[in-house]
Amino acid sequence: MTAALHVLDVGHGNCALACGENWTVMVDAAPDPAVVETVDQLTLRRLDTLVVSHRDRDHARGVVPLLSDRKLEIGCLFVPADAAKDPTTPETALLLAALGDAKRSGRCQVSRDLDDSLPEGTLDGGGLKVEVLAPTYATAMTGPRGRSPAGGTITSNGASAVLRITLPDGLRVLLPGDADHVTFEDLARVGTDLSADVLVFPHHGSHSVVPDEERFARDVMLAVRPQTVLFSVGRQRRGRPTEAVLRGVLRADANVYVACTQLSRGCLSSDEHLPRPTELGHLAPLPASGRSSCQSCAGSMTLSGAGLSAPNSVAHQAYVTTVADRPLCRTLRPALEDQVAQSS
Amino acid sequence: MSVLELDSRLELPVGGGIRIVAVLDDDRGQAKAVGFQLEDEGLEALVVDLDEIPNVDDAVAWVSTRAHAVICDLQLSPMHDGIAYDGAQLVARLVSEHRIPCVLTTGFAPDVGMLVRPHRHTIPVLLTRDQTEQSDVLIEGLTRCASEIREGRDAGRRTYRVPLFVERAGMTQYGVALDARVGGWAHKTPMRFPARMLGDEYTSPAEAEALVGKVFFAHVNLGAKQEPDLFFEAPEVEFIEPDGQELHFG
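Per chain, residue numbering runs from 1 following the sequence as it is written. All chains are assigned letters beginning at A, and all ligands numbers beginning at 1, according to the order in which they are written. Selection of residues for local features in this predicted model requires a pLDDT of at least 70, selection of side-chain atom pairs for listing and counting requires 80 or more, and totals for whole chains, interfaces and linings are taken over all residues. As a convention, hydrogens and water are excluded, and side-chain values are obtained from all of the structure's heavy atoms.

### Quick word on the packing of helix 7 (residues 213-224) of chain A against helix 8 (residues 243-252) of chain A
Residues and elements named next belong to chain A. Angular values range over 0 to 180 degrees, each being the angle between N-to-C directions of two axes fitted as lines to C-alpha atoms, with helices fitted over their stretch in contact. Note on conventions: DSSP H or I runs of at least 4 residues are helices, E runs of at least 2 residues are strands, and numbering of each starts at the N terminus. Running from amino to carboxyl end, helix 7 crosses helix 8 at an angle of 40°, the nearest separation of the two axes being 7 Å. Comparing the axis directions of helix 7 and helix 8 gives the class oblique. In terms of crossing hand, the pair formed by helix 7 and helix 8 is right-handed. Facing helix 7, whose interface residues are Glu-213, Glu-214, Ala-217, Arg-218 and Met-221, helix 8 presents Ala-244, Val-245, Arg-247, Gly-248, Val-249, Arg-251 and Ala-252. Three residue categories are used. Nonpolar comprises Ala, Val, Leu, Ile, Met, Phe, Trp, Tyr, Cys and Pro, charged comprises Asp, Glu, Lys and Arg, and polar comprises the others, including Gly. Classifying every residue of the contact of helix 7 with helix 8 gives 6 nonpolar, 1 polar and 5 charged. Orientation categories follow fixed angle ranges, with anything under 35 degrees roughly parallel, anything over 145 roughly antiparallel, 65 to 115 roughly perpendicular, and all other angles oblique. We call a crossing left-handed when the near helix sits turned anticlockwise from the far one by less than a right angle, and right-handed when that turn is clockwise. Here a residue-residue contact requires only that any non-hydrogen atoms of the pair lie within 4.5 Å.

### Quick notes on the interface of chain A and chain B
On the side of chain B, 29 residues touch chain A, which itself brings 25 residues to the contact. Here's the idea: put two parts together, see how much 1.4 Å probe accessible area each one loses, and the total over both is what we call buried area. When chain A packs against chain B, the two sides together hide about 2,200 Å² of surface, and 61% of this comes from carbon and sulfur. Three residues, A:Arg61, A:Pro90 and A:Leu94, lead the burial of chain A against chain B; their summed loss comes to 21% of the area buried on that side. Salt bridges are defined by distance alone: a side-chain nitrogen of Lys or Arg within 4 Å of a carboxyl oxygen of Asp or Glu. Linking chain A with chain B are 3 salt bridges, by the criterion used here. Close ionic contact of B:Glu236 with A:Arg70 constitutes a salt bridge, the shortest N to O distance being 3.5 Å. Polar contact criterion, stated in full: a pair of N or O atoms within 3.5 Å, where within protein one must be able to donate a hydrogen and the other to accept it, and residues adjacent in sequence count only if both atoms are side-chain atoms. Seen at the junction of chain A and chain B, the total is 5 residue pairs in polar contact (both at pLDDT 80 or more). Only helix 1 (33-41), helix 3 (63-68) and helix 4 (90-104) of chain A provide two or more residues apiece to the side of chain A that touches chain B. The element contributing the most residues to the side of chain A that touches chain B is helix 4 of chain A, with 10 residues. Across the side of chain A that touches chain B, the residue classes break down as 12 nonpolar, 4 polar and 9 charged.

### With respect to helix 3 (residues 87-98) of chain B
For an α-helix, 3.6 residues make a turn, and residues three or four places apart therefore share a direction. All names here are of chain B. The first and last C-alpha atoms of helix 3 sit 15 Å apart over 12 residues, in line with the 16 Å expected at 1.5 Å per residue. Only protein chains enter the accessibility calculation, which uses a 1.4 Å probe; a residue is then buried when its area is under 20% of its type maximum, exposed when over 50%, and partly exposed in between. Turning to helix 3, its buried residues are Gly-87, Ala-88, Leu-90, Val-91, Ala-92, Leu-94 and Val-95. The residue sitting at the N-terminus of helix 3 and contributing the capping side-chain oxygen is Asp-86; that oxygen lies 2.9 Å from the backbone nitrogen of Ala-88. One less than the residue count of a helix, multiplied by 1.5 Å, gives the span that helix is expected to have.

### Digging into the sheet that holds strand 7 (residues 175-182) of chain B
Residues and elements named next belong to chain B. For two strands to pair, DSSP has to find at least two bridges joining them. Overall, antiparallel pairing links the 5 strands, which are arranged 8-7-6-9-10 in an open sheet. Edge positions in the open sheet fall to strand 8 (191-194) and strand 10 (232-240), since each of these has one partner strand only. Each adjacent strand pair in this sheet contributes to an overall mean axis angle of 40°, direction not counted. As judged from the 7 bridges shared by strand 6 (residues 159-172) and strand 9 (residues 215-221), these two strands associate in the antiparallel manner. Counted as the bridge partner of Pro-163 is Phe-217 from strand 9.

### Quick notes on the domain arrangement of chain B
Residue and element names in this part refer to chain B. Partitioning chain B into domains gives domain 1 (3-151) and domain 2 (158-240). For the domains described, the bounds stem from an automatic or database domain assignment. For domain 1 and domain 2, the distance between their C-alpha centres works out to 27 Å. Taken together, the two surfaces of domain 1 and domain 2 that pack against each other cover about 1,300 Å², and 61% of this comes from carbon and sulfur. The residue Arg-120 makes a salt bridge to Asp-229 at a minimum N-O spacing of 2.8 Å. Run the count over domain 1 and domain 2 and you get 5 residue pairs in polar contact (both at pLDDT 80 or more). Ranked by residue count, the leading element in the side of domain 1 that touches domain 2 is helix 4 (residues 112-116), at 3 residues. The residue inventory of the side of domain 1 that touches domain 2, partitioned by class, reads 6 nonpolar, 3 polar and 3 charged.

### Remarks on the environment of B:Cys145
Residues and elements named next belong to chain B. In this structure, Cys-145 sits in helix 5 (residues 135-151). Placed 43 residues apart in sequence, Cys-145 and Cys-102 show a C-alpha to C-alpha distance of 6.4 Å. Every residue in contact with Cys-145, bar those within four places of it in the chain, is listed here: Val-95, Ile-100, Pro-101, Cys-102, Pro-124 and Val-125.

### Things to note about the sheet that holds strand 2 (residues 44-47) of chain B
Residues and elements named next belong to chain B. Taken in spatial order, the 5 strands line up as 2-1-3-4-5 in an open sheet, and their pairing is parallel. Two strands close off the open sheet at either side, each with one partner strand: strand 2 and strand 5 (126-128). On average, each strand axis in the sheet is tilted by 25° relative to the strand beside it, whichever way the strands run. Against the sheet, helix 1 (residues 28-40) contacts strand 1 (20-24), strand 2 and strand 3 (69-73), and its axis sits at roughly 170° relative to strand 2.

Now the structure itself:
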């Protein structure tokens with residue numbers, strides 16, 4: 001198997017799957033069948049590491065079928081404690097039941113110890129380098145609802161794990177979960193290098209708690225300096241990525257390649273004009289939540305080599321041109337915005 | 001009369017395409033309306049007189065020898081007191097035993113879960129009454145059912161082993177019902193089903209009530225878009241008290 005990192009179209013949520021030489025690392029598992037279907041399609045019998053960046057349902061709930069699959073072994077599941085989550089809900093009971101089932105049958109080990117003090121190389125394997133950049137040790141010791149060492153209150157999102165995975169060919173992908181401004185201020189406090197070639201933008205490109213979304217996005221871009229920015233979004237959630245976030249991304253780097261897993265409503269508001277299944281030929285041959293409903297844009301994406309290797313970027317751009325009324329990944333680029341402003 | 005080949009997508013037990021479609025509904029006016037729609041699509045509608053087939057064995061035999069496909073309403077009895085079965089029972093047998101493409105229709109009443117869930121794994125297509133007003137949706141439904149009969153379940157109906165958390169138990173006109181949250185499913189709506197699906201001992205309200213707050217494992221189609229589309233198979237009736245028994249669920 002060629003080493004690659006797949007960013008799956010799971011609708012609203014996240015799931016990234018890095019595959020090295022006989023070594024797999026999954027980061028987040030949204031409750032979408034595309035997650036288990038991908039494990040089936042790639043005939044994976046083991047996930048060496050499964051990281052839940054934080055306990056929000058769109059990142060954590062999909063681990064339940066993975067834990068319950070008797071044919072699948074999980075080397076270690078890293079799942080954080082979170083005092084902000086109600087322990088009496090059915091969701092918690094289901095997670096605990098799945099964990100108990102997997103542990104009893106020896107299919108999974110569980111750890112809550114995931115922070116930037118994890119010794120270098122602990123999660124590496126199969127040519128993949130896996131670095132835990134956040135939470136910082138100090139934030140992990142405090143946890144959600146506590147006070148961040150950088151100031152402000154830590155939320156579930158703020159305690160999110162931030163991972164950088166480097167493929168054997170050198171491609172670096174930053175997976176920041178739902179990290180917010182508190183997370184990034186904490187990382188700046190300890191001087192963490194966040195540089196990466198590909199950024200899966202945190203929190204699906206929407207940061208309502210951030211005072212200035214555009215500035216936040218620009219600051220994240222300047223810290224990471226990626227050539228490619230991906231948004232894992234569900235079309236059913238309005239306005240993700242937000243125009244402010246996209247503007248911040250594109251003003252930081254007018255040439256950055258931008259792709260969303262699903263077609264944002266900001267780009268095409270009406271479902272009546274969604275494409276037909278035959279128009280989705282550009283999609284990578286991976287399960288994608290939006291494929292059958294024709295809501296995928298780039299769909300599930302494969303990263304390797306110089307960046308996005310599937311879908312083909314030319315085919316993806318042609319699709320965007322055909323389908324979107326107002327493709328925000330283009331119209332918000334500064335040069336185009338200036339042209340529009342001048343012509344009006 | 002013409003034969004609808006449907007791009008050769010339907011390989012039917014009789015002939016190479018759908019020609020005769022049986023329509024069963026306790027509301028004969030509704031059955032005729034569906035029949036007219038099918039005739040507009042070039043098919044021959046056979047509006048079935050339910051009085052001729054009072055039990056499900058007779059109905060299976062009668063329909064399977066006269067029709068290439070079936071549109072059947074869930075409720076077959078309210079206007080015909082002598083009918084001892086519902087549409088879910090009939091459709092499940094026609095699909096699984098005779099490989100006849102069927103569409104089950106319903107008003108999505110609250111008790112759909114109680115009547116349909118035990119058979120939902122062998123009922124590929126369930127449409128609302130509103131949807132039956134669109135001929136293309138009916139035809140697409142028959143096509144989808146034929147595809148599952150021929151090629152197996154699509155992604156939306158593939159099952160995965162997951163835990164289910166029993167939230168509630170209660171009595172309905174169709175027996176004791178359980179509501180369970182499905183682990184790993186994208187939606188929070190609990191799935192309603194007859195408690196007897198977990199074993200005959202749970203037909204007692206007290207026994208069913210004792211399951212509340214417990215977890216069991218089963219194979220569920222996680223790709224279901226809405227609760228009526230959910231089903232489960234192979235339940236493992238070893239009820240688990242979730243770890244952390246000091247927690248108060250419910």
